[in-house]
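Chains, contacts and geometry: an overview
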Amino acid sequence: MPKKNIAFLTLFLLLFSLACGLGAQLNNLDQTLTPLSAAVAGTATADAANVGGAGDELATAVAKATSQSADIYATQTARASLNDVSRQATATVIAPAVAELPRYGIDPASGHVAWVHKPVSIDLNGFQQTGFANDYQGITAKDFAMAADITMTTFNSLSACGFMFRADGNTTKPTQYMLIITRYATGYMAFTATVKGEMSNMRTIYIQGQDKSFNWQNNATNRLAIVVRGKLIDAYTNGVLVSTIDTSQPPPDNQQSPPKIDMPAGASPDQVKDYQNLIDQNQTNTDLVNSQMGQARQNFAKNKPIFTEGLLGFIGVSQSGQTKCTFSNGWMFLIER
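If you're wondering where the values come from, they're calculated on a predicted model, not measured in any experiment.

1. Here's the deal with the pattern of salt bridges
Enumeration according to the criterion identifies 6 salt bridges in this entry. Across the salt bridge formed by arginine 223 and glutamate 100, the nearest N and O atoms sit 2.7 Å from each other. Taken as a pair, arginine 223 in strand 9 (residues 221-229) and glutamate 100 in helix 6 (residues 84-100) lie far apart in primary sequence, 123 residues in all. In this pair, the class of arginine 223 matches that of glutamate 100, namely buried. Lysine 118 is the partner of aspartate 135 in a salt bridge, and the nearest nitrogen-oxygen pair spans 3.9 Å. In this pair, aspartate 135 is assigned in the loop between strand 3 (129-133) and strand 4 (144-154) and lysine 118 in the loop between strand 1 (111-117) and strand 2 (120-125), connecting sequence segments 17 residues apart. Among the charged side chains, a salt-bridge network with shared partners connects Glu100, Asp149 and Arg223.

What follows is the structure in C-alpha cells.
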C-alpha cells in the first residue's frame with residue numbers, strides 16, 4: 001500500500017512471515033529471497049545515528065529485519081510442503097510474468113518470480129513530494145527484472161512515476177537508483193542515482209525517439225520495464241528498448257535538447273488546456289533538468305554512486321500540484337544465474 005510523505009518503509013516486513021493465502025504460496029513455492037547485504041544493513045544502522053524522526057525507526061527496522069531473515073524467508077521444507085492445488089494456483093498467477101520475460105531477453109529458467117503485485121496508486125499533492133508503494137518490502141534484489149503498467153495523471157509535466165531500486169531505505173537522504181517516466185517534452189525518462197540525498201548520476205532520454213507508441217497525455221497508460229544486471233540497466237517502455245544505462249559511467253557532458261511539443265490532433269478542451277499548461281512549464285522544467293544534470297556531474301566522482309543490492313518498489317514524485325501514479329499488472333523477477 002502507498003505510504004506518503006516518504007514513509008515508505010517504516011512498517012517493514014517483520015510481519016511478512018505471517019502472511020497467508022496467495023502471498024504465502026508465492027513465497028513458499030517460488031522465492032529464494034535475498035536478505036539485505038551486510039553493506040546495506042551497515043548503512044542503515046549508521047544512518048540511524050544521524051537521521052531523526054522516521055529515519056531512525058526505518059534504519060533500525062531494516063537492520064533488525066536483516067538479522068531475522070532466516071525466520072522471515074521461505075525454506076526448502078516449506079516449498080516442498082505445498083500441495084498440488086497450491087502449486088497450480090501459484091503457477092497460474094505468475095504465468096503472465098513468465099510469459100513476458102523473453103521480451104526482455106530473460107530466460108525464465110534463470111531465476112524465479114519473487115512477487116506479483118495487486119494494483120496500487122500513489123496520490124501526491126504539493127511541491128516536491130515523494131511517495132512509495134510495495135506490499136513486499138522485505139524482498140531485496142541484486143539482479144532482477146521489474147515491470148508494471150503505469151497510468152499517470154499530473155499537473156506538472158516533470159512529475160514522475162516509476163521504480164526505485166538498490167535503495168538503502170533512508171527516508172530523508174536516500175542512497176538509491178530511480179528509473180522514472182514523465183509527461184515532460186512528450187515523454188521523458190530519467191535515471192538518477194542519489195547518495196545520501198545528493199544527485200550523483202543521471203541520464204535523460206526522450207522516449208518517443210525510440211518508442212513512438214508512448215502516450216504522454218494525462219490518464220494514459222504505458223508499460224515500464226527494467227532489467228538490472230550488474231552495472232547495466234535495460235529500460236523499456238511498451239516493450240521497446242529505450243536505453244541501456246551503464247551505472248559505472250558518469251553523466252554525459254552533453255544532453256539532448258527536448259523535442260517540440262505539438263498539440264494532439266483532435267484535442268478535447270481539457271487536452272488543449274493541458275497542452276497550454278505544458279508549454280507554460282516547459283522552460284522552467286528544462287532549466288530544472290539541466291540543473292540536476294549539473295549536480296550529477298559535479299558529485300559523481302566524489303560520491304561514487306555504484307550500488308549492488310537493496311530495497312525496491314514503485315515510486316511517485318510530484319514536482320508541483322496534483323500527481324497520481326497507478327501501477328497495475330506489476331511483477332518482479334529475481335535473476336539468479
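2. A look at the pairing of strand 5 (residues 160-167)
Summarising burial for strand 5: 8 of the 8 residues are buried, a large majority. Pairing geometry for strand 5 and strand 6 (residues 176-182), over 6 bridges, is antiparallel. In the sheet register, glycine 162 faces strand 6, and the bridge partner there is isoleucine 180. Across 6 bridges, strand 5 lies against strand 12 (residues 311-318) in antiparallel orientation. Note on strand 12: the bridge partner recorded for alanine 167 is leucine 311.

3. A word on the sheet that holds strand 12
Strand order in the open sheet formed by 6 strands is 3-12-5-6-7-8, and the pairing between neighbours is antiparallel. The open sheet is flanked by strand 3 and strand 8 (198-206), the only strands paired with a single partner. When the angles between neighbouring strand axes are averaged without regard to direction, this sheet yields 25°.

4. A few points about the side chain of aspartate 149
Along the chain, aspartate 149 turns up in strand 4. Of the polar contacts made by the side chain of aspartate 149, one reaches the side chain of arginine 223; its length is 2.9 Å. Residues in contact with aspartate 149, not counting those within four places in the same chain, are Thr221, Asn222, Arg223, Thr326, Phe327, Ser328 and Asn329.

5. Focus: unusual backbone geometry
For threonine 186, which is not glycine, the phi dihedral falls at a positive 60°. With respect to the element layout, threonine 186 can be found in the loop between strand 6 and strand 7 (188-195). The exposure class of threonine 186 is buried, given its relative accessible area of 8%. You will see that asparagine 238, though not glycine, has its phi angle at about 55°, which is positive. Relative to the assigned elements, asparagine 238 resides in the loop between strand 10 (232-237) and strand 11 (240-246). For asparagine 238, a relative accessible area of 25% corresponds to the partly exposed category.

6. Details of the packing of aromatic side chains
Counted under the stated rule, the structure contains 12 aromatic pairs. Measuring from centroid to centroid gives 4.6 Å for tyrosine 177 and phenylalanine 307, while their planes differ by 35°, and the two rings are tilted. Taken together, the residues span a long stretch of sequence, with tyrosine 177 in strand 6 and phenylalanine 307 in the loop between helix 7 (269-303) and strand 12 at a distance of 130 residues. The residues tyrosine 177 and phenylalanine 307 share a single accessibility class, namely buried. Here a set of aromatic residues connected by ring pairs shows up, and it is made of Trp115, Tyr136, Phe163, Phe314 and Phe327.

7. Concerning helix 7
Over its 35 residues, helix 7 extends 47 Å from the first C-alpha to the last, a length consistent with the 51 Å expected when each residue adds 1.5 Å. When the local axis directions of helix 7 are compared, the greatest deviation, roughly 45°, occurs at asparagine 282. Downstream of helix 7 by one or two residues, lysine 304 has phi in the positive range, about 50°.

8. Considering the nonpolar core
Counting 45 residues, the largest nonpolar core has Phe144, Phe165 and Ile226 as the members making the most contacts within it. If sequence neighbours within four positions are ignored, isoleucine 226 has contacts with Phe144, Ala145, Met146, Phe163, Phe165, Leu179, Ile233, Asp234 and Ala235.

9. Considering the environment of tryptophan 115
The topology assignment puts tryptophan 115 in strand 1. The spacing of tryptophan 115 and leucine 334 is 219 residues in sequence and 9.3 Å in space, taken between C-alpha atoms.

10. Regarding the environment of aspartate 262
As for its position among the elements, aspartate 262 is in the loop between strand 11 and helix 7. The sequence separation of aspartate 262 and threonine 186 amounts to 76 residues, and the corresponding C-alpha distance is 8.4 Å. For aspartate 262, the residues in contact, after removing those within four places along its chain, are Trp216 and Tyr275.

Rules and cut-offs
- Residues numbered from 1 in each chain as written.
- Predicted model: local features only at pLDDT ≥ 70, side-chain atom pairs only at ≥ 80, totals over all residues.
- Heavy atoms only, no water.
- Salt bridge = Lys/Arg side-chain N within 4 Å of Asp/Glu carboxyl O.
- Helix = DSSP H or I, 4+ residues; strand = E, 2+ residues; numbered from the N terminus.
- Buried < 20%, exposed > 50% of the residue type's maximum accessible area, 1.4 Å probe, protein only.
- Pairing = 2+ DSSP bridges.
- Axes fitted to C-alpha atoms, helices over the stretch in contact; angles between N-to-C directions.
- Polar contact = N/O pair within 3.5 Å; in protein donor to acceptor, adjacent residues only side chain to side chain.
- Contact = heavy atoms within 4.5 Å.
- Phe/Tyr/Trp six-rings, centres within 6.5 Å; stacked < 30°, edge-to-face > 60°.
- Expected span 1.5 Å × (residues − 1).
- Bend = angle between axes of the 7 residues up to and from the residue.
- Core = buried A, V, L, I, M, F, W, Y, C linked by side-chain atoms within 4.5 Å.

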